Every structure is written in structure tokens, then in C-alpha cells.
Amino acid sequence: MKDDKVPEGQPNRSADGVVAKDSPRDSLLSVRDLCIWFGGPPYLRAVNHASLDIGHGEIVGLIGQSGSGKTTLAMGLLGLVKGFPGLWQGTAQLDGKALLPPLGDFVGFKEGVVHKKYIPFQNAHRRQLKELLGRDVATIFQEPKASLDPFYTVGEHMLEALARNRNVPSGDPHGSAAKRGVGSETPKQIGVTLLKDVGLVDAENLWGLYPHEISGGMAQRVMISMALCAKPKLLIADEPSTSLDVTTQAKLLDLFVRLRDKHGLSILIISHDIGVIREISSRVYVMHRGSVVESGVTEEVLARPKHPYTASLLDSFSRFGEKLVPPPPNPELGEGCAYREMCRLYRDNPDAGQRGLCETRKPEAQKLVNESAKTDWACCHFENQSKSGNSSSVVARSNSEPPKDQVGGEVETLVELRGLRRRFSQGSRSFLALNDISLSIPKGKTYGLVGESGSGKSTLALSLMALQPIDAGSVLYGGKDVLSLHGKDMRVLRRDMRMLFQHPEGVLNSGMTIADILAEGLERERGIDAAERKRRVAEALEQVRLDPSHGARYPSNLSSGEKQRVTIARALITKPAFLVCDEPVASLDLAIQSQIISLLKDLQTGMGLSYLFISHNLALVKILADRIGVMYMGYLVEEARVEHFSVDGVRHPYSRLLLASAPSLHDLGLKKILADYPDVEPERLEGGCPFRNRCPLYLSNRLAACEKEMPALRDFKGGERVACHQIQPG
Amino acid sequence: MSSRRLRIFLKQPGGYRILAGAFIVTVLALATLTGRAWTEFGPEEMDLQALLAPPSIGWLRALLTTPEGLRIQQRNEAGRREGNRTPRATSGDDENLDFLKGDDGAGVRGRSGEGMAAAETSPPGNGDPAADTKARTHPLGTDKNGRDMTALLIAGARNCFLPGLVTCLVALGFGVPLGLWAGYYGGRIRKIVGTFNSTILSMPRLVLILVVICALEPNVYYTMGVLGATLIPRVSELIATRVRILSNMGFIVAAKEAALSDIKILWRHLFWYQNRAVFFIQFSLIMAESILVETTLSYLQFGTKPPEVSWGNIIEGSQMSFFSGFYWITFFPAVAIILAILGFFYLGDGLNARLAYREGR
Amino acid sequence: MRAISKIVGFFAGSMVLVSLLIFSIVHLTPGDIAAMHNLSPATAHALYLDRSLPVQYLLWFKDCLRFDFGISMVNGNKVSSLIAEYGPPTLLLTFGSLFFSLAIAIPLGVYRGLRPASPLGKFISLAVYTLSSIPVFVLGYIVLAVVFGVFKFYVTAPPDGPFKFWPTFGYYSLPIFVLAVGNGTIGEFIRFISLEVQNINGAMYIKAARARGSRLWRHFFKSMVLPIFNIVVTNMAVLLGGLVVVERIFNFHGLGWLSWEATLKRDFSVIMGITLVMAFLIRAFMLVNDLLAVWLDPRMRE
């Protein structure tokens, strides 16, 4: 596996003779001034005068929050947006061929009303576009398993994709002999080779499987190898790793780099995750509310953002826990700079004329002449004044904070789990979702729980709250056995232990007002009259920084961040001492994530709450938690203090893999660690250590104990606990 | 409602359907409640001076009457003027197509000889002017017994509205709790309810009702209760599926986390705030269904029995009069049936579209 | 294999439940059946009316397995021979209207699913709503009025002798049409198919296939087969129920007509037999549907 990227400006030569053009700057895809509108009147401008270039053999990132129009931009080029044919302006060329037809007479578009409707995609152009799709441009999507037709096998999908390649003989055995030009390989052989190419070693076996029988990571690899079938020039990857686990994601990103090197493929990666973009793309475009606001060499842009929006995006990524300006209430895209309502530079500028410019005119791309890379530009009227701002803060979350929980032993234990065990059965198969989990959560502290999907984190949370039965074990809350409580005692306890859920939409009853939802928690408390109830509701709303007037609204009138605040208020209204947070921010945008996290932090200091914080996002957990536990396939494999929770500090090989896989802003040397780990799918191995098929220690030593029994958690110096046969305390 | 708000209301999905449906349903409900006040004649009153009087709406008559029918009518009127009764009844049971035999066979077939007898004994010899003034008071004409069609239609409305309520009571009264119960507890309970549902669903509804009619003394309210029972599966499956979706959203777990009792979760969260709309939609759709079945059963002589009036048995009793020229006896009940069903159907469907829109489906 | 045996087992079990339900509706209601029809002791014995209820049920069910539903209480005919006589025209009518419905509904439904907002799509929706609310017997009248009034032609008796296409077509076409349209069958099909097409059209794998430039009909076709079969099966009950009315209007001698007459005369053994046969037909369709699902859908095989 190659670690380093091919330096800019060098021609890429692949093994099978695809030669990229001399300069990556000689762009393969060039988009100029593209606008795309959605829907019927009133039309919504999803993409606003965007320009984009992708060179040959280049990996380009496109980043922005959800709703910034990044997917619409890419899919609009291919005629794949909903409501096709839509309305658009601008030009786009792929390798010299026009992607969009000339505009004809569509011009009249004013105040959301089209004056002259022009039907853009005529049939001729549709045919032309169809020629390109799957041949010159290939696309992969966010949900790999849903992208495969459940009725066809992987092999049938591959054959279908191969049929798009004119050089491959058709799958039809009666096809003309003339077609069997290239080599003597059958399509199946070609397909199998391609599958092996993307790291699917067991390709022959995989050929006959249906999509529901393979994992998400495998499905995404199948999608990629299908994309490679017709040897495309450009691969558009729309959030390719968002639905995947971190370890799978790391391997996938590595694969992209490898494919670029081998096939000379140009790749456009669309993502909301700066870590992903940072890790593999050489250049980046930043989108905000339909406009491309900044572009440049990735490292330049991320280290020294020119546009205030980019800076704030990096801020929220790198410095969770600081207060951010809330997003603007007004979603209208007017004239002028779309970012100005949130923009520091605009708000703090005393010069009214300068501010007027922001309000009336959309900023042009400003070339940044004093920079090394000539294509770098940013769309901001304040170009000269824009500070390279927060570059220092971007680089690292300050390590200067005092280490927490230095005297871990003295703190009183609030919640304790002892030997929690739960077996799930699906038809004939059954597996342990929780296997002898024991841990304790001290008062006023945060216990972070990390792990990939299927590791049993959520099951643990629900079992702890007595919302799901368990097979064995006990949960102690302040010395009381939670699972043996009934009736009134249970209801009293439920006021003390509350829970936050991942999807606020599911929790808030859409038919009830916010005040009704909150007041529900007070129902079982005695001596609360209407006035008191009203006061408590207002108080809870204020605690989560919402205006008490929100109480009269319905959940559908709130943004996703506000909804999650309401769920927090719903928990706080009973004045709890302990809060289980099950992925509370996973479904939220980055900026809102940081707001919620900072709110949770404030509440902890203000009210002395204890948290069990569950997340798959290591960066988040590290910000909040004092102790972190790592789960794998129902086992707690390691527990460490937060200051030891780094690639070098952790001891269990799985924890290290997890940490090394997380896309990171400032450490690219992690790839060396990843190279030790074999490229295999996670499996639920019964008997022995479940991690052994992916464990470098086991694969090199082949210790018999690893196959026979699951290692127990053993105490290490510094208050850590690790479950591994091969690591000895001391 | 101001005109602007009305416009906004109509713009949303299902707006026109809701408006049209609500209008028809209101008219139907008014007819049921106020009934007798609307017409000069009661439904059981026989106006022997005006047997088979045509509707007094001239344009409608010109529009709808076939030339042949016109000819018969003219002859009837001529006959009435001369003091003779032209429309002779042909009796017999099996000649559905009897009017094919020729003009003289063009009569009205009725199951009850009683009406015919009344016609036979009606005093002959109304003068021309008298007939005309009389006809004016029957806006939709009269049937073969001289009963006012308008009064019959209004009486029929009552007899399809009230049995419909019985159907709804049974279908929703059992279906909704069953659905909530099955959806909430899942597992074995869901399976038992599912088995019950699939057993009922594997028999044609109308045939199952016939079996019940066969076994019991036919009574329309009883029959409609059975119809309600056959609709329980539909309601309970719908509700159970919705409850399952809600519980997948984390709904039930969250409510339990807030220490609510099962009854409260079921009633408040799952029914009142989430499935109240479905209740009204199903109410409307089931009303449509029950009007359809009630009229059909009455047509098959198993539903409302004469002398009680139902739109279905008006049509049954007037069989084929359409082709003999007395179109109004068949036409107006048919229109009433279609409009009533359409009204409830539109109302339910429009509300459903709006619910889907609100829920972002 | 496990899935298949489960499905077949469910089929058998539900048939027992259905027979139990029919039996108990008829026999658990008050009133002496034998006295009602003045049956001779021999007939009552042949119908097991002199036994206790559980025994009666078991004997009746055992006979039903051999396609023997007893004898008519009114005229003593064998019910099975009545069904054999009246069944075939009814089957032809049912399947005819099923195919007619599908032939109309599939193209219209697919069109409406792909272009719901187009003028034609909207028109289809409106027509569907309106047609669905016309009861069968009203539609029957309208159709008869049009055919008599305008064309002055209609074949009223079943064609005798050797099979000839046109007379048979003339005899069956109107009932088939009325059964398909008036029962809301076509409307239901169109609504369902268009919804299904809309769902599939919005599915991720169709988007991905479009992005690959592949032919989409393969994906649409395989995804559509099961839902269409499913809606046919769920509509079988409605269709068979509509037979009673259609056959009455057109004086068409089939099972529907027979069950109407049996109800008028309160002929229990006939109506029980017919109901059981119809339930069997519907259940058999459900069975085929489930087996088809296992065969076609790889996700169902486990």
C-alpha cells in the first residue's frame, strides 16, 4: 500500500497503460458559473454561480455542511437531480465534451418566477449524457447497500456494469465473436479481477451473493469496482464513507489513493467531514449555501483559511466546546454574500459602505496573488483584511488543559454495572450483544463509550436504563439495584436517570407542543400545579438556551439542533443526576454538534451531572469524557483515562486501530500503524478473543490462549483496564 | 374563513377533495337530521294523483330522456289526460329484460304487489291542469306508487347514514384498540391478531355477509355490524403498522424512559397525538364503504326491506325503468349513491393526502 | 426449505380456521336448521345434523377435504356438483376481469407513477377516484343503458354448443368490464402500482443504475413483479365478492348468482360450500404469492 500521494504536477502512469495528460491543471472537468434551481415556483436556488476544476489524476474534495448544495452540484452535472430536467445556467465540460447543452433562450428568472420556461435536456442531449454515464464518469453514493439492487447478485451487477465497457465481450454467450476482442477473458474473469483489485479477496465467493448478505464496507467496494468496470476518467464519490465505520473508512480512503495511482483516475470526493477531505484530497472546494466560497490546495486552505466561513467550519471541527454564533434564522438566498449573517468580518466591520457591498453584491472570486498556488481563491469582499485567523487554533486542541480525574479513586461512584450479559437471537443464529460488562461511573464525571456499529453500545445504554431486559448482571445506581425496582420506586429513579437519544425526531411526539412534551416529565411528581409546571418548563428551556416562547411550538417547527436541545430539556426538567447520552449529536451538522457539546459541558459544570456518553466519534468523546471505554463485539476491551487515550497511550490493539483510523487534522503518520492491520471484515468470532482475525499481535504470535478464551479485563498502572492475553501489566 | 386562508387551505394537498367531500357529507348529515322538513310529502305518503310523475325540472328531462322514453311519457300523459292508465304492470319474477319484448311490456316491475294494487285502484280522471299543478310539487317526480322521489331520497339518506355509523362503531371500536395493542406489544400478540385478520381477509366480504344473513334473520343494523367486523383487519393492520414505525423511531422507548405507564403511552402518544387523524380518515373511508355495501345489499334484497326506504332498494324496485322512460326512479338514487360515496371517499382521501404531507411522506 | 414448509403449513392452518369460522357462524346461531327447512330425518342424517356440534364439524370438514360439501337443503342436489356446474363460468369471469384490470392498470399505473404531476397523470388520478366510488350495480345499470340504448345489442344467454369466440366474448365482455371497473379493482390497481413505481423510482439503487447508464427496466421489472402479484391477491376477495352483484345484474349463472339464491332460500349447505371454495381459491393465491416471494426475493429465503 502506498502511503504518499503523488506530488502535484507529475504525470500519472498506470500499470495498464492509461496515461494522464501532462499537467493536472489541464482540467478534465471544468464547471463555470453553474446555477441550479429546484422545484416549481417558487424556485429555490440550490447552486449559485459555482465554478470547479478537476485535473487528470487528481483527487479533489468538495466540502460543506448538509444543504450546502454540494451533492446537487455534482448530480446536477450528470442530470441526476430530482425533478430532472431542472433549471440551470452555466457551462460544464468533461474532457472537452459539454455536459450541459447550450442554454437556448432560458434567461427570465426573477424573484422566484420563471418568465420563459425552457425545456433544457432534449432527447439528443439525454442520449449524449447517457453515453457518458458509467463510461467516462462513474458515481458512488453514500448508502452502498441501498445502491445495490436487492434482487440481483453482486456478479449480475458486475456484468451489468461491464456491459457498459465496449471493450469487454458481452455477457451473452451467443454474442458475436467479433466482440470478443480483448484477450480471451470472459466477463466473469474480468469482473473477479476487478473485485480483487479493490481488496475483495474472496471475489469468487462474493460473485453469487446478494446485497443483503454483504456488509456495508464490502458493498461500497463492490460499488467502486463496478465504477471501474468501464475504465472511467472521473469518479464522483458522494459521501462515500459517511455510513461506514471508522476502521472501514480508513481502508476505503486508502483504496481511493491507490486507485488514483494505478488507473490515473480523477476523483471528486464530496464530504462534510474535513478529516476525510484532508486525508486524501490534494485540492479542496468549500461550499456554503450554494456558492463555492473558497478553493485551494487542501493543506493551505485548512491551515490558513481565507474565507470566514471556512475558518468557522474548521473551528467547529477542531474546537468543540466553544460557543458559536447560531445559524441565521432566515433561509432565503438573497443577493449579496450568503454568509454575511454569520460572518465575523461583516458583523464587526464599522465601515457601512464595506458592509453594503456584502449586502448587495455576491463576492467575486479573489485570486490570492501572494500565495504559492495560483488557483487558490476565496469569494469574500474582505479578501485583503481576512485574517489567516485561527490557524493556530486549528492545528491542535490545546493540550494545556489540566489533566482531569487525577485522583480517580476518591470520587464517589454513582452508577455501577456488574457483569451485564445479553444474548440476542436472530432465527437460528444467536450472539452475545453484551458480554460480562462491568464498569463504574463516578459522580459528576463523564464516562465515554466508543466502538463501531454492532459493538453493543446502545444495548448497554438501554439495559442500564432498564428499558431492555438483560440475561445476567446488575446495575447499581447510588447503591440501589435498578433492575429489581418496580412501581413507584422505579418512577422516582426514572427522574434521576434520564437518557438522550440519537434521533430527536423519534423522541418528540410530532403532535404535541414542546411545553406538553416537557410537562410530561412532571406528571408523576406530587404538588405541582399549573403555574409551577409552567415555571419549570420555562426554566428547562432556559437551561438549554431556548426561548420560553418555544414552548408553544410543535417539533416540526424546530431545526434539528433545537430539537435535540428540547430532548435535553425534556431530560433536565426532572432534575436528574445522571444522563445517558446515546449518540446525541450523530445526526446533526458539525456546527450544531459543537453547540450541543458545549451545552452538555456547561450543564455538567453548572448542575454537577454525570454522563455516560456514547459515540462512534472519538474526537467528541475525548472532549467530554474523563474515562473512556472501548467496546468491540459486545466486549469491553479497554478502559483508559482520557489523557492516555491516544494512539501511543492505548494498549489494546483494537483501540489503537480505532484511533489510527479516525480521520485526523494533524497527524498523517498514522498510516504506518494501519499498515500492520490486515484488511479483513469484522466477524463475530465465538470462543476466544473476537478480535483475533484482525489483530496483528495474534497474527504474528498465534497464541493459543487467544483462540480458547476471551481475555479478562486486567488492571494496569494508571487506572487502565485492558483485555488482552498478549499485553502484560507493568 | 377569509378568502386568503381558504386559498391557502386549498393549495395544500387534498384541499379540493376535503372541501368537496365535506360539502357532500354535510348535506347528507343535514338530510339525515332534519329529513322531513325539506319536503312537502312524507316518504310513505302516496300521491295517487301523480303516479310516475316526471321530475318537474324541464331541462333535466329533455337532457336525459331517450326518444323512446319521451314517446312513452307523452303517451302516458295523453293517457292520463284521457283518464286511462297506460303503464300496465307485467308481473313475473325472472324477466329482467322484459322491456325488450316491446313497448307494451314497458312497465314497472315491483316485488310488492301492494304498490301496484294501489295504482290499480287509483281514481281515474285527473284533469289536465290539476296534474300540472300537482307535478310541480314533486321536483324529482314520483315513483310507481306515487311516492315523492325527493322524500324517498331523504329517507334513504337516513337509512344509509345510520347503518354506516354502526359499521364505523364496530370497525373502529374494535380495530383501533386491537391495532394499538398488537403494534405496541408485538411478538406473540401481534401474531395472534395477524392470524385472526388473515382468516377474515381470506373470505370475500360480501359472501361472508351473505353467510351471516343466511344464518340470522336479516336486519340491516346487524348486517352492518358484520361488515364492521370484516373491516377490523384493515383498521388494526394499519394502526399496528404505524405503531411499529413509531416504535422504531425510538418513540416508545423514549416514553418509557419518561416513566409513563403503558396505558398513557398507548392512549396519549400512540393514539391521540399520532393516530387521531388516521381515525377520522378511516371513519370517512369506512362510511363510504358501508354506504356502498348497504346499497348493494338492499339492492340484493338483503338489506333495508320495504317499506323502509334505501337508495339500493329504490333501484331494485324500479328495475329497468331506466329503459322504459321512467329514468328518474333509477337515476336520482344512483346519483345520490355515487355522490354520497364520492363525498366520504374524497373527504377521507383528501385528509389522508394532507396527513401524508404533514408527516413528510 | 424451512421457509417453504412454513408457508404451506400456514396455508393448511388458515384453511382449518376459515372452515371453523364458517361452520360456527352457521351453526352457533339460534334456531333449528332441520326444522326450518322441514328436512326429512334421512336428509338431516346425511348432513350430520343429528350429531353433536364438534362431531358435526369434524365430519363436515372431513367430507370437504374430499370435495363433498353435502346436499342442498332445498332441493337435495349435491352441492359439489352444483359448484362444478356453476364454477367454471365464474372462474372465467373472475380471471377475465383480473386480466382486463391488469391490462389497463399496469400501463396507466406506471405512467402515473413516473409522471404524477403531468396533466394526464392528474387526470388518471381523478378518474380513479371517481370510478372507485361507483357501486357495481349502479355501474351495471349504466353499462346496460349504454349498450341497450346506443347499440341495442347484447347477448343474454350463454352460448351453446361448440366454442365460438365472438358469442362467448359477447356474453362475457360486459360482466367482465363491470366487475373490473365497478368494484374499484382497476382503481385500486392503478393507485397501488403507481405508488410502487414512485417508490422504486426514488430508490437508491435506481439512482445508482441511472448514474451507471444501465438499462433501468431490468431493475424496475424484478422489483415490480412481487408487488403486482401481491395487489392481485389482496384484491381477489373483493373481486369474488363483487361476483354476487354482477351475476345478479346480468342474470349470469355462476357461483355468485348461486350464493345469492342460496341466501334467499337460506340453503346453508350450499352457501357454506361456496364460501369454503372461494376462501380456498383466495388462500391458494396467497400461497402462490408467498412461494413466489421466496423464489424471487433473496431476502425472503432465510
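Scroll up a little and you will see the structure.
Undergrad: Can you walk me through the pattern of salt bridges in this structure?
TA: In a structure, side chains of opposite charge can pair up when their charged atoms sit close to one another. All names here are of chain A. Within the structure shown, the criterion is met by 41 salt bridges over all chains. With a closest N to O distance of 4.0 Å, Glu532 and Arg536 form a salt bridge. Taken as a pair, Glu532 and Arg536 lie in helix α18 (residues 530-543) at a separation of four residues, close to a single helical turn. Judged by relative accessible area, which is 7%, Arg536 ranks as buried. Between Arg545 and Asp602 there is a salt bridge, with its nearest N and O atoms 3.0 Å apart. Within this pair, whereas Arg545 is found in the loop between α18 and α19 (560-572), its partner Asp602 is found in helix α20 (residues 590-607), the two being separated by 57 residues in sequence. Judged by relative accessible area, Arg545 falls into the partly exposed class, the value being 45%. Sharing partners across several salt bridges, the network here consists of Glu532, Arg535, Arg536, Glu539 and Lys575.

Undergrad: I tried to follow the interface of chain C and chain B on my own but got confused; where do I start?
TA: Often the size quoted for an interface is simply the accessible area lost on bringing the parts together. Residue-level contacts link 46 residues of chain C with 47 residues of chain B. Across the chain C to chain B interface the summed buried area is about 4,200 Å²; carbon plus sulfur atoms make up 75%. At the junction of chain C and chain B, the tally comes to one salt bridge. Across the pair Arg191 of chain C and Asp349 of chain B runs a salt bridge, and its minimum N-O distance is 3.4 Å. One can count five residue pairs in polar contact (both at pLDDT 80 or more) joining chain C with chain B. Of all elements in the fold, only α1 (2-27), α6 (119-132), α7 (136-151), α11 (217-249), α12 (255-265) and α13 (268-296) of chain C reach the threshold of two or more residues within the side of chain C that touches chain B. In terms of residue class, the side of chain C that touches chain B is made up of 31 nonpolar, ten polar and five charged.

Undergrad: It is not clear to me how a nonpolar patch on the surface should be interpreted in this structure. Could you clarify?
TA: Residue and element names in this part refer to chain C. Together, Phe163, Phe165, Trp166 and Phe169 give the surface a local cluster of nonpolar side chains, amounting to about 550 Å² of exposed area. Take Trp166: it is sitting in helix α8 (residues 165-182). What makes Trp166 exposed here is its relative accessible area of 62%.

Undergrad: Could you clarify how one ought to interpret the interface of chain C and chain A in this entry?
TA: Residue-level contacts link 20 residues of chain C with 24 residues of chain A. Around 2,300 Å² of area is buried between chain C and chain A when both sides are counted, 59% of it from carbon and sulfur atoms. On the surface where chain C and chain A come into contact, there are two salt bridges. Notably, a salt bridge pairs Arg212 of chain C with Glu160 of chain A, separated by 2.9 Å at the nearest N-O pair.

Undergrad: Could you clarify how one ought to interpret the environment of Leu49 of chain C in this entry?
TA: Mapped onto the elements of the fold, Leu49 of chain C is located in the loop between α3 (41-46) and α4 (53-65). Sequence separation of Leu49 of chain C and Lys222 of chain C is 173 residues, and the distance between their C-alpha atoms is 52 Å.

So, how was this worked out
- Residues numbered from 1 in each chain as written.
- Chains lettered and ligands numbered in written order.
- Predicted model: local features only at pLDDT ≥ 70, side-chain atom pairs only at ≥ 80, totals over all residues.
- Heavy atoms only, no water.
- Salt bridge = Lys/Arg side-chain N within 4 Å of Asp/Glu carboxyl O.
- Helix = DSSP H or I, 4+ residues; strand = E, 2+ residues; numbered from the N terminus.
- Buried < 20%, exposed > 50% of the residue type's maximum accessible area, 1.4 Å probe, protein only.
- Contact = heavy atoms within 4.5 Å.
- Buried area = accessible area lost by both parts, 1.4 Å probe.
- Polar contact = N/O pair within 3.5 Å; in protein donor to acceptor, adjacent residues only side chain to side chain.
- Nonpolar A, V, L, I, M, F, W, Y, C, P; charged D, E, K, R; others polar.
- Patch = residues over 30% accessible without salt bridge, like charges linked within 9 Å, V, L, I, M, F, W, Y side chains within 5 Å.
- Areas by Shrake-Rupley, 256 points an atom, 1.4 Å probe, with all protein chains shown as cover.

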